[in-house]
Amino acid sequence: MKNIFHFVDGKEFKGDSKRTSDVFNPATGEVEAKVSLASKNDVDIAVKNANEAFKEWSLTPPITRARILFKYKELIEKNSDELTKLIVAEHGKVYDDAKGSLTRGLEVVEFACGIPHLLKGEFTENVGKGVDSWSMRQPLGVCAGITPFNFPAMVPMWMFPMAIACGNTFILKPSEKDPSCPLMLAQLLKEAGLPDGVLNVINGDKESVDALLEHKDVSAISFVGSTGIAKYIYENAAKNEKRVQALGGAKNHCVVMPDSDLDQAVNGLMGAAYGSAGERCMAQSVAVAVGNIGDELVKRLSEKVEALKVGPGMDKGSEMGPLVTKEHLEKVKGYVDLGVEEGAKLVVDGRNLKLQGYENGFYIGGCLFDHVKEDMRIYKEEIFGPVLSVVRVEDFNTAVDLVNNHEYGNGTSIFTRDGDSARTFASKIKVGMVGVNIPIPVPMAFHSFGGWKRSLFGDQHMHGPEGVRFYTKLKTITSRWPSGIKDNPEFIMPTMK
Ligand code: NAD
């Protein structure tokens, strides 16, 4: 049995904890490894190393940091097949999808390569007579990132390339369900020339998260995961005087207007609802059928959901892989049972799918509900599986109200050929990321990623310009070099005449 530990000070670190967690291959249901769950003491050692490394790293010129990231980009490209296979082996998603998610993470590295430009400050000559003022952004110190299972490469890469480019050191606490890819990402950054201690990986559960939240030498916490834990992180990081951004769960609505190109809408919805088995925070889990489009939409969707090819992530023919664990599979099936009890119409039932040769894998077929109502739990709660709910509404305004009244506000999209509806939707909708005829509107690395309402606690989104703001603090300097002037004491607030 393979044992997985931590990565501290540029090398494997075993720590003193005896607690472990099983790492499964979701395609077969087999336990493939045991990952160590760090103790508070293990976290202390990682923070101590990161704090020590910060002294030099924060003084390293941004151009030197950028050169390491350029080299890192090359190494990720060279090792992309191996990294992708690690994602597939522990998460279960299909190979091409896993590769795509790695590329989206790599794009943040590419963006972070521009850090010498991104850190340029602002300067004003003569804010007063002979007085100049400038602002600059400086690193925070040791930053920590706590990440979910569904993107073991991309979500950590929203964080650490930005944090270290800005001159911070970093402790990554990835999901204990798929720890191997994050460890390899850290190893490659060392190979790219990153000094030891700048990026550390601590595997663990609540004990290590709490140790990071309480540690006096951790300056900032970035979190991505479910809303309940995001709120806990937000509250406790703030209580311990840390900067925090905590991204939570989602229930994303795709509004299908009667004038839409229905083939585009259906294909968009299929990928967005069932890609990665629905285990994406940007998955579209609610299709809002406006006006008379409902019957045709459900008919076309059901044909495609029935035809979905479910199988192991490494099989070329698979469109959808298994769920991450048996526990999660049971939870998703439980929601489908609940939807039936609540009175929604189950048009396609994927609960009984069995794959020959993979009987113990964590598979479920695509599920499609019609006539889902606002007060049903399957509408209100995040299922995080391949379950699409169709809600029928009379008109555009009702669709907008439906989206705006939901507690989550991560992503949404509208399919329409009408510019007025699209523009009004983009303007009025209370959601952080909006697509117009784009089913999964994930912003590119040079924009920023984040939701509204209970999908994000905190002020700043991830990566892009917001990432630079989050991982730096602003300092403004006002200076003058008077010669031959004798100042008298001034007791009034200085103003410019
Ligand atoms: P999760 O909340 O269970 O776990 C996320 C992280 O928190 C993991 O590292 C985990 O070890 C840690 N954790 C779990 N329980 C904890 C506790 N009690 N105390 C402290 N730390 C704890 O989430 P998950 O199941 O790994 O991921 C799926 C969730 O993440 C979904 O809700 C999904 O919507 C969300 N997500 C959101 C985004 C976004 O950008 N908003 C992106 C990806 C995933």
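Coordinates for the structure precede this section.
Read on for a plain summary of the structure. Because the structure is predicted, anything quoted here is derived from the model rather than measured.

Quick notes on the rules
- Residues numbered from 1 in each chain as written.
- Predicted model: local features only at pLDDT ≥ 70, side-chain atom pairs only at ≥ 80, totals over all residues.
- Heavy atoms only, no water.
- Axes fitted to C-alpha atoms, helices over the stretch in contact; angles between N-to-C directions.
- Helix = DSSP H or I, 4+ residues; strand = E, 2+ residues; numbered from the N terminus.
- Parallel < 35°, antiparallel > 145°, perpendicular 65-115°, else oblique.
- Contact = heavy atoms within 4.5 Å.
- Nonpolar A, V, L, I, M, F, W, Y, C, P; charged D, E, K, R; others polar.
- Salt bridge = Lys/Arg side-chain N within 4 Å of Asp/Glu carboxyl O.
- Pairing = 2+ DSSP bridges.
- 1 Å grid on protein atoms, 1.4 Å probe; cavity = no way out; pocket = protein on both sides within 12 Å on 5 of 7 lines; lining within 4 Å.
- Points joined across faces, edges and corners; volume = space filled by probe spheres on them.
- Domains from an automatic or database assignment.

1. Regarding the packing of helix 3 (residues 80-91) against helix 7 (residues 180-191)
- Running from amino to carboxyl end, helix 3 crosses helix 7 at an angle of 160°, the nearest separation of the two axes being 8 Å. If you check the angle between helix 3 and helix 7, you find them roughly antiparallel. The segment helix 3 lies against helix 7, with E82, L83, L86, I87 and E90 engaging S180, C181, M184, L185 and L188.
- Of the residues in the contact of helix 3 with helix 7, the class split is seven nonpolar, one polar and two charged.

2. Describing the pattern of salt bridges
- Throughout the structure, instances matching the rule amount to 27 salt bridges.
- Close ionic contact of D22 with K34 constitutes a salt bridge, the shortest N to O distance being 2.6 Å. Of this pair, D22 sits in strand 4 (residues 20-25) while K34 sits in strand 5 (residues 30-36); the two residues are twelve residues apart in sequence, bridging distant segments of the chain.
- Connected through salt bridges with shared partners, the residues R19, D205 and E207 form a single ionic network.

3. Observations concerning the sheet that holds strand 4
- Taken together, three strands build an open sheet; the order of strands is 1-5-4 and the sheet is mixed. A strand with exactly one partner marks an edge of an open sheet, and here the two such strands are strand 1 (2-4) and strand 4. Each strand of the sheet is rotated relative to its neighbour by a mean of 35°, with strand direction disregarded.
- Sheet topology places strand 1 next to strand 5; three bridges connect them, and they run parallel. Looking across to strand 5, one finds that K2 is bridged to A33.

4. Notes on the layout of surface pockets
- Estimates place the volume of the largest pocket at around 860 Å³.
- If you trace the largest pocket, you find 37 residues lining it, with P148, K177, G225, S226 and I229 closest to the centre.
- Breaking the lining of the largest pocket down by element, the ones donating at least two residues are helix 6 (154-165), helix 8 (206-214), strand 11 (218-224), helix 9 (227-239) and helix 12 (326-342).
- Per-element accounting of the lining of the largest pocket gives the leading share, four residues, to helix 12.
- Mapping the lining of the largest pocket onto the domain boundaries places at least three of its residues in each of domain 1 (2-248 + 455-477) and domain 2 (252-436).

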